[in-house]
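Observations on chain architecture
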Amino acid sequence: MKENEIMKMLLDVTHPAKGDRNIVELGLVESVKIEGNDVTVTLAFPKHRDPLAEYITGSTKAAIFRHWPEAGNVDVKAIVKEESAPKKQTGLNLTLDEVNNVRHIIGIASGKGGVGKSTVAVNLAVALARLGYRVGLADADVYGPSVPVMTSTEGSLPEAVNEDGKEVIMPIEKYGVKWMSIGYFAQPGQALIWRGPMACNALKQMILQVRWGTLDYLLIDMPPGTGDIHISLVQDIPMEGAVIVTTPQTVAIADVEKGVDMFRNKNVNRKIFGLVENMAWFTPAELPESKYFIFGKDGGVKMAEQYGIPLLGQIPIVQSIREDGDNGEPAALSSRPDGLAFIALAEKLVKAVDLP
């Protein structure tokens, strides 16, 4: 593999805020070094902090792996042009200024994927807004961002604004909620191949570099599972506590336990406001009063009792929830039973947060 071949691979990496011009054309590729199957790419950004630097860094690495699956270690570094030595993209110089006017920052978490965590997060945000609260949601699931689809905001590109030498990202506003997601910056169908530290930095940018303004609630749709990324995120973000989403099955108990243990770990030590049992029962549209407990009955109730945390709500499986999510119109906007279930969940969360 030669340097010019790597440069050709990088023609796929575009800067969303620069008219989708690629990073080679923009002159951001400072150097490419190859040693065997290992590649080091240095990207040189302008003096002022580029709010999309983490996204471009991750996309650069992804492009190389996509074109050259046999690549070994791919190291992408970011420097400021005026600096003489490369600087790893770990210190983002992010402050808490943009979240200083947020009353409550709450994580929406799950022990594993596939439990409908993002569906709950999006609908909970809309429900809180319907109750009159000022709400924002940060889609921190960098490996599977779904907020753009679920809110019908695909194709939206958040604006980057330079204020006194500091760049901030303006969130997308719809349904009375301020939304931010890495999905706004990724190309359709593009897989984000990011390792731990890079993912952590991207998540922090998606939260701390966004102009949230004055909010009552900022919900963070966290990546599924537990691990270093989650612990790092919670330690660097002034998160007040979390809501854990699960399904009723007995096998879900182990996953709930992981989530509970993480937030109760002495190095994290965040309050768990409660548990949400998603897919609690199935209700067919033609039989709205019927309940079919296809995943077991009251599993969430038992889990909540076992771990000593409140059960905030039970959300049924209703075809309209899936359809509304796919159509970008959250179910919480409706006055159907599923919409009212999310309103009730929001009301219980507000009470739980206000408890001493």
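For every chain, the first residue of the written sequence is number 1, and numbering continues from 1 along that sequence. The model is predicted, so local features are restricted to residues of pLDDT at least 70 and side-chain atom pairs to those at 80 or more, both for listing and for counting; the totals for chains, interfaces and linings are taken over all residues. Excluded from the side-chain calculation are hydrogens and water; included are all heavy atoms of the structure.

Turning to helix H3 (residues 117–130), a few remarks are in order. In this model, H3 (14 residues) spans 20 Å end to end at C-alpha, consistent with the 20 Å of a helix rising 1.5 Å per residue. A 1.4 Å probe rolled over the protein chains alone gives each residue an accessible area, and that area as a share of the maximum for its type sets the label: buried under 20%, exposed over 50%, partly exposed in between. Numbering of helices and strands runs from the N terminus, with a helix taken as a DSSP run of H or I at least four residues long and a strand as a DSSP run of E at least two residues long. Burial of H3 is extensive: twelve of the 14 residues sit out of reach of the surface. Considered for burial, the residues of H3 that qualify are Lys117, Ser118, Val120, Ala121, Val122, Asn123, Leu124, Ala125, Val126, Ala127, Leu128 and Ala129. Looking one or two residues beyond H3, the residue adopting positive phi is glycine 132, at roughly 100°. Residue count minus one, scaled by 1.5 Å, sets the expected span of a helix.

Between 30 and 60 degrees the pair is tilted, below 30 it is stacked and above 60 it is edge-to-face, where a pair is any two Phe, Tyr or Trp rings, Trp via its six-membered ring, whose centres lie within 6.5 Å. Counted according to the given criterion, the structure contains one aromatic pair. Taking 5.4 Å as the distance between ring centres and 85° as the angle between the ring planes, the aromatic pair formed by tyrosine 133 and tyrosine 217 counts as edge-to-face. In this pair, tyrosine 133 sits in the loop between H3 and strand E7 (135–139) while tyrosine 217 sits in strand E12 (residues 215–221), placing the two residues 84 residues apart along the sequence. Among the residues examined, tyrosine 133 registers a relative accessible area of 26% and is labelled partly exposed. Judged by relative accessible area, which is 1%, tyrosine 217 ranks as buried.

Turning our eyes to something else, we now look at the pattern of salt bridges. One side-chain nitrogen of Lys or Arg within 4 Å of one carboxyl oxygen of Asp or Glu is enough to make a salt bridge. The full count for this structure, using the stated rule, is nine salt bridges. A salt bridge links aspartate 255 to lysine 258, with the shortest nitrogen-to-oxygen separation between them at 4.0 Å. One end of the pair is aspartate 255 and the other is lysine 258, both in helix H7 (residues 253–264) and three residues apart, which spans about a single turn. Take lysine 258: its relative accessible area is 45%, and that puts it in the partly exposed class. One salt bridge connects arginine 336 with aspartate 338, and the closest N-O pair in it is separated by 3.0 Å.

All right, on to the packing of H7 against helix H8 (residues 299–307) then. Axis angles are defined between N-to-C directions and span 0 to 180 degrees, where every axis is a line fitted to C-alpha atoms and, for a helix, only to the segment in contact. One way to put it is that H7 packs onto H8 with a least axis distance of 11 Å and a crossing angle of 35°. Remark: the crossing between H7 and H8 carries right-handed chirality. Contacts between H7 and H8 pair Ile253, Val256, Glu257, Val260 and Arg264 from the former with Met303, Gln306 and Tyr307 from the latter. Throughout, a crossing is termed right-handed when the near helix is turned clockwise from the far one, and left-handed when it is turned anticlockwise from it by less than a right angle. Contacts were defined at the residue level, with two residues in contact if any of their heavy atoms lie within 4.5 Å.

On to the sheet that holds strand E15 (residues 311–317). Two strands make a pair as long as DSSP finds a minimum of two bridges between them. Ordered in space as E10-E11-E7-E12-E6-E13-E14-E15, the eight strands form an open sheet in which the pairing is mixed. Every other strand in the sheet has two partners, leaving strand E10 (172–174) and E15 as the edge strands with one partner each. Neighbour-to-neighbour, the strand axes of the sheet open up by a mean angle of 25°, direction not taken into account. Looking at chain direction, strand E6 (residues 102–109) and E12 are connected through six bridges and run parallel. The residue of E12 that forms the bridge with histidine 104 is tyrosine 217. H3 contacts E6, E7, strand E11 (177–181), E12, strand E13 (241–246) and strand E14 (271–282) of the sheet and is inclined by roughly 170° relative to E12.

Note: strand E8 (residues 160–163) against strand E9 (residues 166–169), four bridges, orientation antiparallel. Note on E9: the bridge partner recorded for glutamate 163 is lysine 166.

This part covers unusual backbone geometry. Not every positive phi belongs to a glycine, and tyrosine 175 is a case in point at roughly 60°. Along the chain, the position of tyrosine 175 falls in the loop between E10 and E11. Residue classification places tyrosine 175 among the partly exposed positions, given a relative accessible area of 25%. With phi around 50°, asparagine 269 is a residue other than glycine that occupies positive phi space. Within the element layout of this structure, asparagine 269 appears in the loop between H7 and E14.

Let us now look at the nonpolar core. In this text, buried Ala, Val, Leu, Ile, Met, Phe, Trp, Tyr and Cys residues form a nonpolar core when linked through side-chain atoms within 4.5 Å. Core analysis: the largest hydrophobic core is formed by 103 residues, its most contacted members being Val41, Ile64 and Phe263. If sequence neighbours within four positions are ignored, phenylalanine 263 has contacts with Ala109, Met222, Val234, Met239, Ala242, Ile244, Val268, Asn269, Arg270 and Ile272.

What follows concerns the sheet that holds strand E5 (residues 74–80). In a beta sheet, neighbouring strands are held together by backbone hydrogen bonds and run either parallel or antiparallel to one another. Across the sheet, three strands lie side by side as E3-E4-E5; this open sheet has mixed pairing. Pairing within the sheet leaves two strands with one partner each, and these edge strands are strand E3 (29–35) and E5. Direction aside, neighbouring strands of the sheet carry axes that sit 15° apart on average. Relative to strand E4 (residues 38–45), helix H2 (residues 53–67) is tilted by about 150°, and along the sheet it contacts E4 and E5.

It is worth spelling out the environment of tyrosine 133 at this point. In sequence terms tyrosine 133 and leucine 215 are 82 residues apart; their C-alpha atoms lie 7.8 Å from each other. Setting aside chain neighbours within four positions, we find tyrosine 133 in contact with Leu128, Asp216, Tyr217 and Val350.

Averaged over every residue, the pLDDT of the protein chain is 82; residues scoring 70 or more account for 86%. The predictor rates its confidence in each residue with pLDDT, a number between 0 and 100. Residue range residues 83–91 is modelled with pLDDT below 50. Its contacts to residues more than four positions away, or to other chains, number 13 contacts.

All right, on to H2 then. Along its 15 residues, H2 runs 21 Å from first to last C-alpha, staying within 8% of the 21 Å computed at 1.5 Å per residue. Extensive coverage of H2 is indicated by the burial of 13 of its 15 residues.

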